[in-house]
Amino acid sequence: MIVLGIESSCDETACALVNDKREILSSVVWSQYDEHRRFGGVVPEIAARAHLEKCDILIREAMEKAGKTFKDLDAIAVAGGPGLIGGVLVGVMTAKAIALCQNLPFVAVNHLEGHALTVRLSHPVEFPYLLLLTSGGHCQVLIVRGVGQYEKLGGTIDDSAGEAFDKVAKMLDIGYPGGPNLEKRAAQGNPKAYDFPVPMRGRKGCDFSFSGLKTAVRVAIERKETLTEQDKNDMCASFQGAVVAEMKDRLSHAVTIFKEKCPEAKDIVVAGGVAANGAVRQMIEELAGKNGLVFSAPPVKLCTDNGVMIAWAGLERFRLGMTNNFDFRARPRWPLESLSNNLTEG
Ligand code: KG4
Ligand code: ZN
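Computed from a predicted structure; not experimentally measured. (Residues numbered from 1 in each chain as written. Chains lettered and ligands numbered in written order. Predicted model: local features only at pLDDT ≥ 70, side-chain atom pairs only at ≥ 80, totals over all residues. Heavy atoms only, no water.)

Split by domain assignment, the chain resolves into domain 1 (2–117 + 302–345) and domain 2 (127–297). Between the C-alpha centres of domain 1 and domain 2 there is a distance of 26 Å. Every contact between the two is made by 24 residues of domain 1 and, on the other side, 22 residues of domain 2. Taking both sides of the interface into account, the surface hidden between domain 1 and domain 2 amounts to around 1900 Å²; carbon and sulfur atoms contribute 64%. Seen at the junction of domain 1 and domain 2, the total is zero salt bridges. Elements supplying a minimum of two residues to the side of domain 1 that touches domain 2: helix H1 (33–36), helix H4 (111–117) and helix H11 (307–318). (Domains from an automatic or database assignment. Contact = heavy atoms within 4.5 Å. Buried area = accessible area lost by both parts, 1.4 Å probe. Salt bridge = Lys/Arg side-chain N within 4 Å of Asp/Glu carboxyl O. Helix = DSSP H or I, 4+ residues; strand = E, 2+ residues; numbered from the N terminus.)

The structure is reproduced here in structure tokens:
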């Protein structure tokens, strides 16, 4: 079984082919960093146009690299949302056109479900598992009970972690994209140099908050007359430390709830762009060890947006008979918890 996946919901145009033996036959990612860099963030209209220019080219590239033709495919999957609607529309219309012409099943994948399920391609993780999904647009902790079955334990009440990384990177003027640059700087800095707040520490539940932390960094920057490179590195290290502490506090509660609800389960997973961060991964690995859980995360390359995650989630859906009709509409908002197990849905 071979599935082609297309991702175009934010600032990466990406395509991949995967099979049901958990093999990646090809994967191409085209990041639009150069298009957005001078604006310091993603400009939706520019993103949509760039997806339109690149989508067909990348599909051809992915097919050629895998040595396959459309006749070899069993289904075509596309990120149907949530995301920037212009980009999502480009992917959805392209996927529908190919599916219609080639008489292939069409699978609309929730982008977050793509992140959530990718670990099952790279690791033998069974349902149910506890998931920290942390990306540019989202930060939530969920129990993944099955394909399309998500129980949310908590989410952010303001910014996502990725957003906080990106905004702090912008304030410190350390370049775009923010997250990876900030992590590199943090490795050169002193995490104890600044005592930044850990917003929700000590509170009940599993919700996150990052906005106050971001403001604390802004205030610290404003207090400085000059900001040396070392100051920036120290701020990055202290900020990253506070993010990790916030996640650890929230996840500790989630682990307790998860163990009560799913006593036989053993897996804890992190996914999404921020899961590429080494300090975040290390913290969860330690937390898992202390709680008798097994830690897994997709390889770093599959944490940030890519086509493999869409192709794989599409394959997981397709093999359960969960395909979509051509009246499926691209969705700018599409909460994971709203996914249903309808076999065919518009
Ligand atoms: O999943 P993703 O590629 O796109 C969304 O679905 O949002 O996540 C992108 C986010 C960005 O905010 C980016 O700064 C962050 O992931 N990110 C990182 C790292 N790599 C990417 N944050 C911290 N450390 C990293 N190494
Ligand atoms: Zn993503």
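Picking up after the structure, the text goes on.
On to the coordination of the zinc ion (ligand 2), then. The protein atoms that coordinate the zinc ion (ligand 2) are His111 (NE2), His115 (NE2) and Asp305 (OD), at distances of 2.0 to 2.1 Å. Taken in chain order, the donor set of the zinc ion (ligand 2) reads H-x3-H-x189-D. Separated by 190 residues along the polypeptide, His115 in helix H4 and Asp305 in the loop between strand E10 (294–296) and H11 bring together distant segments of the chain. Of the two residues, His115 and Asp305, neither departs from the other in class, the shared state being buried. (Donors = N, O, S within 2.8 Å, 3.2 Å for Na, K, Ca; no water. Buried < 20%, exposed > 50% of the residue type's maximum accessible area, 1.4 Å probe, protein only.)

Here we come to the pairing of strand E4 (residues 75–81). Burial analysis of E4 places seven of its seven residues in the buried class, which makes it a mostly covered element. Where strand E1 (residues 2–7) lies against E4, four bridges are found, and the strand directions are parallel. Bridge pairing links Ile6 to Val78 in E4. In this sheet, strand E5 (residues 106–110) lies alongside E4 in parallel orientation, the contact comprising five bridges. Pairing of Ile76 across the sheet is with Phe106, part of E5. Following the chain from E4 across helix H3 (residues 85–102) to the adjacent parallel E5, one finds a crossover that is right-handed. (Pairing = 2+ DSSP bridges. Right-handed = clockwise from strand over helix to strand, strands pointing away.)

We now examine unusual backbone geometry. Cis rather than trans, the peptide bond between Gly81 and Pro82 has omega equal to -10 degrees. Across the junction of Phe127 and Pro128, the peptide omega takes the value -5 degrees, indicating a cis bond. By the element assignment, Pro128 lies in the loop between helix H5 (119–122) and strand E6 (129–134). Phi is positive for Arg22, which is not a glycine, with a value near 65 degrees. Within the fold, Arg22 resides in the loop between strand E2 (12–19) and strand E3 (24–31). For Arg22, a relative accessible area of 37% gives the class partly exposed. One non-glycine residue, Asn103, adopts positive backbone phi at about 55 degrees. Structurally, Asn103 is set in the loop between H3 and E5.

Our next topic: the environment of Val269. Positionally, Val269 belongs in strand E9 (residues 267–271). Exposure remark for Val269: the relative accessible area of 0% places this residue in the buried category. Placed 127 residues apart in sequence, Val269 and Leu142 show a C-alpha to C-alpha distance of 10.0 Å. Not counting chain neighbours up to four residues away, the residues in contact with Val269 comprise Val119, Val125, Tyr129, Leu130, Leu131, Leu132 and Ser296.

On to the site of ligand 1, then. Around ligand 1 sit 17 residues in total, of which His115, Gly136, Asp166, Glu183 and Asp305 are the nearest. The side chain of His115 places a nitrogen or oxygen atom 3.0 Å from an oxygen atom of ligand 1. A distance of 3.1 Å is found between an oxygen atom of ligand 1 and a backbone nitrogen or oxygen belonging to Gly179. Taking 560 Å² as the accessible area of ligand 1 by itself, protein coverage stands at 89%. Secondary-structure elements contributing two or more residues to the shell around ligand 1 are H4, helix H6 (161–171) and helix H7 (178–186). Of the residues in the shell around ligand 1, the class split is four nonpolar, ten polar and three charged. (Near = heavy atom within 4 Å. Polar contact = N/O pair within 3.5 Å; in protein donor to acceptor, adjacent residues only side chain to side chain. Areas by Shrake-Rupley, 256 points an atom, 1.4 Å probe, with all protein chains shown as cover. Nonpolar A, V, L, I, M, F, W, Y, C, P; charged D, E, K, R; others polar.)

Tallied over the entire structure, the rule returns 16 salt bridges. With a closest N to O distance of 2.7 Å, Arg120 and Glu316 form a salt bridge. Linking Arg120 in helix H5 with Glu316 in helix H11, this pair joins segments that are 196 residues apart in sequence. A single burial state applies to Arg120 and to Glu316, both of which are buried. The class for Glu316 is buried, based on a relative accessible area of 2%.

With that settled, the discussion passes to the sheet that holds E9. Two orientations exist for strands paired in a sheet by backbone hydrogen bonds: parallel and antiparallel. Taken together, the five strands give an open sheet; going across it, the order is E8-E7-E6-E9-E10, and neighbouring strands pair in mixed fashion. Across the chains shown, the open sheet's two edge strands, defined by having one partner strand only, are strand E8 (149–155) and E10. Across the sheet, the mean angle from the axis of one strand to that of its neighbour is 25 degrees, orientation sign disregarded. Note that E6 and E9 share five bridges and pair parallel. Counted as the bridge partner of Leu130 is Ile268 from E9. (Axes fitted to C-alpha atoms, helices over the stretch in contact; angles between N-to-C directions.)

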